[in-house]
Amino acid sequence: MEISSIPSFPAFASGFALLYLLAYFAVFRSWSPKHRPEASSCFMSLFHGTPAALMAASATASPRFAAPNTPFEATVLEFSIAYFLVDLLHYVAFFPGDYLFIAHHLATLFVFITCRYLVRHGAYAILGLLALAEVTSLCQNVWTLAGLRRFDSALAKRVYDYLSGPFYAFYTIVRGFFGPVFVYKMGMFYMGGEADQVIPMWISVSWMVVVVVAISVSVLWVFNLWVEMYLEKVGRANEKKEN
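Basis of the calculations
Residues numbered from 1 in each chain as written. Predicted model: local features only at pLDDT ≥ 70, side-chain atom pairs only at ≥ 80, totals over all residues. Heavy atoms only, no water. Helix = DSSP H or I, 4+ residues; strand = E, 2+ residues; numbered from the N terminus. Buried < 20%, exposed > 50% of the residue type's maximum accessible area, 1.4 Å probe, protein only. Lys, Arg positive; Asp, Glu negative; His and termini not counted. Salt bridge = Lys/Arg side-chain N within 4 Å of Asp/Glu carboxyl O. Polar contact = N/O pair within 3.5 Å; in protein donor to acceptor, adjacent residues only side chain to side chain. Contact = heavy atoms within 4.5 Å. UniProt positions renumbered as here; feature names shortened; annotations may be inferred. Phe/Tyr/Trp six-rings, centres within 6.5 Å; stacked < 30°, edge-to-face > 60°. Lys NZ or Arg CZ within 6 Å of the ring centre and 35° of its normal.

Novice: Even after reading the chapter, I still don't get the side chain of Arg 175, so can you show me in this structure?
Specialist: Counting through the fold element by element, Arg 175 comes out in helix H8 (residues 154-191). Of the side chains with opposite charge, Glu 134 lies nearest to the buried Arg 175, which makes no salt bridge, at 6.4 Å. For Arg 175, the side chain forms a polar contact with the side chain of Ser 218, separated by 2.8 Å. If we skip the residues at most four places from it in the chain, Arg 175 touches Leu 132, Ala 133, Thr 136, Pro 180, Ile 215, Ser 218 and Val 219.

Here it is as structure tokens:
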């Protein structure tokens, strides 16, 4: 039986939902209700981010921007569709006012779903972007979990402070350099019309819009983190001078 014939999406979605419930009701049951939803989302993300990055990277060994999706690529897309759908439900349930993240997940699902089920081509480009997006996932989730407890735990505070600089640098390099380079190559190919026979131009354009906006928001997010870190260091330095 080919990989693509196995109904992997229901299994993946069920698995991610169970991971979220396990985290919420068991792993983080002693955490405050304020932080349990976000911590549970991070826990679930730990089982998506790095595996998705590794699978996506292995599926993009050679440039094939307009090639038909392979069975393995289709499975990786379903894996991520399942994760983003469950995480979207998490945001709708607990953070319905977080329009930015909800919009991000909806846009991401649109790209993955159209690639997997509508055009069935172009997985190389989508999975290449997925690999770049998720390669920082492990570090980001650990940093986020530590940040949620940094005011309650000395250990969490140390982990958060230790990871902040390296994580910001890693994220900046990936999202600020490698991401734009890959998107540029993707844009030159699709906007040149070389994939029009298999991927309609309106889909190519929509993919590019989603990707460019996502990377721009990511760069702005990490820039703000750098600014906050700088201001905190300046504040600490001023306090020492006053004392």
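What follows continues from the structure just given.
Novice: Please explain the UniProt feature "domain: TLC" (unreviewed entry) in the protein chain as it appears in this structure.
Specialist: Taking the numbering used here, the UniProt-annotated feature "domain: TLC" (unreviewed entry) corresponds to residues 34-239. Split by type, residues 34-239 is 82% helix and 0% strand. Its first and last C-alpha atoms lie 31 Å apart.

Novice: Before we go on, may I ask you to explain the pattern of salt bridges in this structure?
Specialist: Pairing is possible between side chains that carry opposite charge, provided their charged atoms lie close to one another. In the structure shown here, the tally under the stated rule is 4 salt bridges. Notably, a salt bridge pairs Glu 78 with Arg 116, separated by 2.8 Å at the nearest N-O pair. Within this pair, whereas Glu 78 is found in helix H4 (residues 71-94), its partner Arg 116 is found in helix H5 (residues 99-119), the two being separated by 38 residues in sequence. Given the relative accessible area of 6%, Glu 78 is considered buried. For Arg 116, a relative accessible area of 8% gives the class buried. Here Asp 152 makes a salt bridge to Arg 149, at a shortest N to O gap of 3.7 Å.

Novice: Honestly, unusual backbone geometry in this entry has me stumped. Any pointers?
Specialist: The general pattern is negative phi for most residues beyond glycine and trans for most peptide bonds. Not every positive phi belongs to a glycine, and Arg 120 is a case in point at roughly 55°. Structurally, Arg 120 is set in the loop between H5 and helix H6 (123-134). On the basis of relative accessible area, Arg 120 is assigned to the partly exposed category, the value being 44%.

Novice: Just to check I follow, could you spell out the packing of aromatic side chains for this structure?
Specialist: Each aromatic ring pair is characterised by the separation of its centres together with the angle its planes make. Per the stated rule, a full pass over the model turns up 30 aromatic pairs. When the centroid spacing of 6.4 Å and the interplanar angle of 15° are considered together, the rings of Tyr 20 and Tyr 24 count as stacked. Within this pair, Tyr 20 and its partner Tyr 24 are both found in helix H1 (residues 8-27), separated by 4 residues, close to a single helical turn. When its relative accessible area of 8% is taken as the criterion, Tyr 20 is described as buried. Taken together through their ring pairs, the aromatic side chains of Trp 143, Tyr 160, Phe 167, Tyr 168, Tyr 171, Trp 221 and Trp 226 make up a single cluster. Across from the ring centre of Trp 31, 4.7 Å away, lies the NZ or CZ of Arg 149, which sits over that ring.

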